[in-house]
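# Fold and contact review
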Amino acid sequence: MSRIGKMPVTIPAGVTVTIAGNVVTVKGPKGELKREFSPAMNIEQKDGSIVVSRPNDLKENKALHGLTRTLINNMVVGVSEGYQKVLEVNGVGYRAAKAGKVLTLNLGYSHPVEMTDPEGIETVCEGQNKIIVKGINKEQVGQYAAEIRTKRPPEPYKGKGIKYETETIIRKVGKTGK
């Protein structure tokens with residue numbers, strides 16, 4: 001039995017879950033998420049929690065069991081608390097600014113890089129070197145944060161670039177002169 005898959009997903013107060021076959025809709029104070037899951041998984045709502053079970057022990061069903069439970073849990077957490085990723089911009093002259101839905105990044109290129117926030121995702125700039133990506137869909141928040149980071153990934157010699165707040169950059173020693 002899957003250790004993650006067999007754990008029930010508790011539904012916090014203020015969150016409603018609707019299960020129609022293999023389509024799960026989760027509504028909460030922050031918004032609404034809807035996702036279709038594999039028809040092989042049995043998704044049931046029992047006394048304030050969601051239980052995911054699999055019909056047999058085929059390899060494919062074993063893989064889907066824990067995944068389905070985790071995706072449902074991510075939806076419940078997203079509509080109740082939300083998700084956020086924090087990015088730091090390091091480097092002389094590197095800065096981030098927000099105007100409306102457009103995030104403008106000055107990253108040492110000959111032009112500023114402009115990115116428009118996708119639907120359901122919000123970016124907030126704290127100062128000129130901290131970007132917070134917020135949203136209710138964990139997958140979209142992580143993807144947009146990764147797209148921002150690819151505009152100038154951190155380099156190992158001076159540590160310049162965009163990195164996650166929790167990320168540590170392994171520094172390299174530069175050339176030594178005679």
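Residues numbered from 1 in each chain as written. Predicted model: local features only at pLDDT ≥ 70, side-chain atom pairs only at ≥ 80, totals over all residues. Heavy atoms only, no water.

Let us look at the confidence of the model for the protein. For the protein, mean pLDDT is 92; residues scoring 70 or higher make up 98% of the total. When pLDDT is averaged over each helix and strand of the protein, the minimum, 91, is found for strand S5 (residues 42-46) and the maximum, 96, for helix H2 (residues 138-150). (pLDDT = per-residue confidence, 0-100. Helix = DSSP H or I, 4+ residues; strand = E, 2+ residues; numbered from the N terminus.)

Bringing the pattern of salt bridges into the picture now. By the definition in use, this model includes 7 salt bridges. Residues Lys163 and Glu88 are paired through a salt bridge, measuring 3.2 Å at the closest nitrogen-oxygen approach. With Lys163 in strand S13 (residues 161-164) and Glu88 in strand S7 (residues 83-90), the pair connects residues that are 75 residues apart, well separated along the chain. Classification of Lys163 by relative accessible area gives buried; the value is 11%. With a closest N to O distance of 2.7 Å, Arg149 and Glu167 form a salt bridge. Of this pair, Arg149 sits in helix H2 while Glu167 sits in the segment after S13; the two residues are 18 residues apart in sequence, bridging distant segments of the chain. Using a relative accessible area of 22% as the deciding quantity, one classes Arg149 as partly exposed. Residue class for Glu167 comes out partly exposed when judged on its relative accessible area of 22%. (Salt bridge = Lys/Arg side-chain N within 4 Å of Asp/Glu carboxyl O. Buried < 20%, exposed > 50% of the residue type's maximum accessible area, 1.4 Å probe, protein only.)

Right, let's talk about the environment of Lys101 for a bit. Secondary-structure assignment places Lys101 in the loop between strand S8 (95-99) and strand S9 (102-106). Sequence spacing of Lys101 and Lys163 is 62 residues, and the spatial spacing of their C-alpha atoms is 21 Å. Residues contacting Lys101, with those up to four places away along its chain left out, are Met115, Thr116, Asp117 and Pro118. (Contact = heavy atoms within 4.5 Å.)

Turning to the packing of aromatic side chains, a few remarks are in order. The geometry of two aromatic rings is summed up by the distance between their centres and the angle between their planes. On inspection of all chains with the given rule, the structure shows 0 aromatic pairs. The ring of Tyr164 has Lys85 lying over it, and the distance from NZ or CZ to the ring centre is 5.4 Å. For the cation-ring pair, Arg152 lies above Tyr109, with the distance from its terminal atom to the ring centre recorded as 4.3 Å. (Phe/Tyr/Trp six-rings, centres within 6.5 Å; stacked < 30°, edge-to-face > 60°. Lys NZ or Arg CZ within 6 Å of the ring centre and 35° of its normal.)

Attention shifts here to the sheet that holds strand S12 (residues 130-135). Strand order in the open sheet formed by 4 strands is S11-S12-S7-S13, with antiparallel pairing between adjacent strands. The open sheet terminates on both sides in strands that have one partner only, identified here as strand S11 (121-126) and S13. Averaged over all neighbouring strand pairs, the angle between strand axes comes to 25°, with direction disregarded. Sheet topology note: the S7/S12 ladder contains 6 bridges and is antiparallel. Along S12, the bridge assignment pairs Leu87 with Ile131. Its contacts with the sheet place H2 against S7, S11, S12 and S13, and it is angled at close to 10° to S7. (Pairing = 2+ DSSP bridges. Axes fitted to C-alpha atoms, helices over the stretch in contact; angles between N-to-C directions.)

With 22 residues, helix H1 (residues 59-80) extends 33 Å between its outermost C-alpha atoms, agreeing within 8% with the 32 Å of an ideal straight helix rising 1.5 Å per residue. Within two residues after H1, Gly82 carries a phi angle of roughly 90°, on the positive side. (Expected span 1.5 Å × (residues − 1).)

So, about the environment of Val173. If you trace the backbone, Val173 turns up in the segment after S13. On the accessibility criterion, Val173 (73% relative accessible area) is exposed. Once the C-alpha coordinates of Val173 and Gly142 are considered, the two residues, 31 residues apart in sequence, prove to be 31 Å apart.

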